[in-house]
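Structural description and commentary
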Amino acid sequence: MTAPALPETPTPSRLWTPKRVLVTRSAAERPHGQRVLARLEAVGVDAIELLPGDRLPSLRGDDDRAAFMAAKDTMALVVPPPSKRELQPIPPSADFRLDLAEGCPAHCQYCYLAGSLGGPPITRVWADLDEVLGTLDGYVGRGAVTSGTLERGGEGTTFEASCYTDPLAIEHLTGGLSRMVEHFGTHAWPGPVQLRATTKFDDVAGLLTLPHGGRTRLRFSVNATSVDRRFEGATAKVPARLRAMSAVAAAGYPVGATIAPIMPVEGWREQYAELLDGIAAAVPAGSDLTVECITHRFTPGSKETLLDWYPRTKLEMDESRRTTKRGKFGSVKHVYRKETMAELRTWFEREVAERLPGARLLYWT
Ligand code: SF4
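The following refers to the structure shown. Here the structure is a predicted model, which is why all the values come from computation and not from measurement.

Our next topic: the sheet that holds strand β4 (residues 96-97). In any sheet, the strands associate via hydrogen bonds between backbone groups, in a parallel or an antiparallel arrangement. One open sheet accounts for 7 strands, arranged β4-β8-β9-β10-β12-β13-β16; its pairing is parallel. Strands with a single pairing partner mark the edges of an open sheet, and in this sheet they are β4 and β16 (360-364). Summarising the sheet, strand β10 (residues 216-222) and strand β12 (residues 255-262) pair through 5 bridges and their orientation is parallel. Along β12, the bridge assignment pairs Phe-220 with Ala-257. Sheet strands in contact with helix α8 (residues 238-250) are β9 (193-199), β10 and β12, and its direction is about 165° off that of β10.

Ordered in space as β2-β1-β3-β7-β5, the 5 strands form an open sheet in which the pairing is mixed. Each of the sheet's edge strands pairs with one partner strand only, and the pair in question is β2 (48-50) and β5 (101-102). In this structure, strand β1 (residues 20-23) lies alongside β2, joined through 3 bridges in parallel fashion. Residue Val-21 lies in a different strand from β2, and its bridge partner there is Ile-48. Contacts from helix α2 (residues 31-42) reach β1, β2, β3 (74-78) and β7 (123-126) within the one sheet, and its direction differs from that of β3 by about 150°.

Right, let's talk about the state of the cysteines for a bit. One pass over the full model with this rule turns up 0 disulfides. Here Cys-293 is not cross-linked by a disulfide; its sulfur's nearest cysteine counterpart is in Cys-108, at 18 Å. Judged by relative accessible area, which is 0%, Cys-293 ranks as buried.

Next up on the list: the site of the ligand. Close to the ligand lie Cys-104, Ala-106, Cys-108, Tyr-110, Cys-111, Tyr-112, Leu-113, Asp-166 and Lys-200. Taken together, the residues of the shell around the ligand break down into 7 nonpolar, no polar and 2 charged.

Counted under the stated rule, the structure contains 12 aromatic pairs. Ring geometry for Trp-347 and Phe-348: centres 5.0 Å apart, planes at 80°, overall edge-to-face. Trp-347 sits in the buried class, given a relative accessible area of 7%. We classify Phe-348 as buried; its relative accessible area is 0%. Taken together, the aromatic side chains of Phe-96, Tyr-139, Phe-159, Phe-184 and Trp-189 make up a single cluster linked through ring pairs. It is Lys-72 that lies over the ring of Trp-309; its NZ or CZ is 5.8 Å from the centre.

Definitions and cut-offs
- Residues numbered from 1 in each chain as written.
- Predicted model: local features only at pLDDT ≥ 70, side-chain atom pairs only at ≥ 80, totals over all residues.
- Heavy atoms only, no water.
- Pairing = 2+ DSSP bridges.
- Helix = DSSP H or I, 4+ residues; strand = E, 2+ residues; numbered from the N terminus.
- Contact = heavy atoms within 4.5 Å.
- Axes fitted to C-alpha atoms, helices over the stretch in contact; angles between N-to-C directions.
- Disulfide = S-S within 2.5 Å.
- Buried < 20%, exposed > 50% of the residue type's maximum accessible area, 1.4 Å probe, protein only.
- Near = heavy atom within 4 Å.
- Nonpolar A, V, L, I, M, F, W, Y, C, P; charged D, E, K, R; others polar.
- Phe/Tyr/Trp six-rings, centres within 6.5 Å; stacked < 30°, edge-to-face > 60°.
- Lys NZ or Arg CZ within 6 Å of the ring centre and 35° of its normal.

Taken by themselves, the reported measurements are silent on function.
Below is the structure:
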């Protein structure tokens with residue numbers, strides 16, 4: 001009998017090397033903090049500053065732009081405040097948010113983090129991962145986004161690891177996602193669970209042989225070629241993400257395509273059709289594949305931050321071409337107008353069903 005062929009291991013096309021790493025005293029004492037330090041040393045990151053206490057120094061540059069770039073090139077290893085320990089619901093993706101970091105080294109000009117994270121955009125890696133994983137049993141069966149729902153109850157209690165970071169962008173430096181995948185795959189859970197992560201990176205080699213137990217759904221955030229080229233700086237490009245998706249699907253992971261943010265750019269039908277066909281070609285037959293569709297939106301706060309970060313951006317953020325959506329607490333979001341939304345939605349629902357017949361469309365927003 002011949003052994004099954006091991007999935008092809010793609011070479012990562014983009015690996016971030018921080019120019020500066022700040023480590024607080026408490027973080028250096030935690031087991032995960034120590035593992036991250038060992039990993040940083042192993043990959044040759046030497047600009048590591050061990051701080052005498054738990055306060056991060058202020059990151060000043062000569063001007064705002066220099067300060068922004070310095071922050072984007074900085075990683076901090078810290079223990080988050082206790083308020084972060086209580087996990088929060090994160091609709092429509094998952095029952096709970098499970099953060100391993102906050103911040104991201106990439107430069108997407110529409111970045112979801114703009115306006116939602118305060119302070120300079122450094123990537124803060126949480127050093128208390130082991131303690132957080134130890135609390136998760138208490139959340140099983142308690143969610144309301146997927147747990148107990150007719151449409152998505154089969155996913156079990158879901159935990160989303162990509163709300164405030166791109167976990168694969170920093171995996172070579174932290175190993176945090178692997179640690180989570182192994183815990184979800186091997187722990188004796190009191191009920192069904194699923195870890196969810198989404199990424200614009202392709203560094204999946206370290207994940208392929210982990211005992212994932214089918215309990216982690218790895219999704220790849222993908223987009224039309226022109227959106228990727230113009231707006232998604234310092235990420236792995238979409239074809240590389242699709243190769244990574246192919247490899248993890250072949251390694252037995254449930255996979256997903258997060259098509260986001262959908263934009264009605266010139267030639268959008270052709271470009272998104274090409275993308276859907278690319279996904280179909282990447283995913284081996286019989287894979288467990290889901291699709292999530294998120295249209296582009298912005299808030300007054302995110303627009304201000306993004307224009308500050310990327311002043312020459314060509315990203316359309318014109319309130320007069322949008323409809324305002326108000327949240328429960330008076331928050332404002334600018335989304336596409338009803339007719340545009342209906343046109344996009346009808347097209348995507350039809351084409352996803354036709355081009356990816358085995359996939360489940362989880363939601364449209
Ligand atoms: S990959 Fe995600 S988190 Fe990172 S810059 Fe792009 S949108 Fe922001």
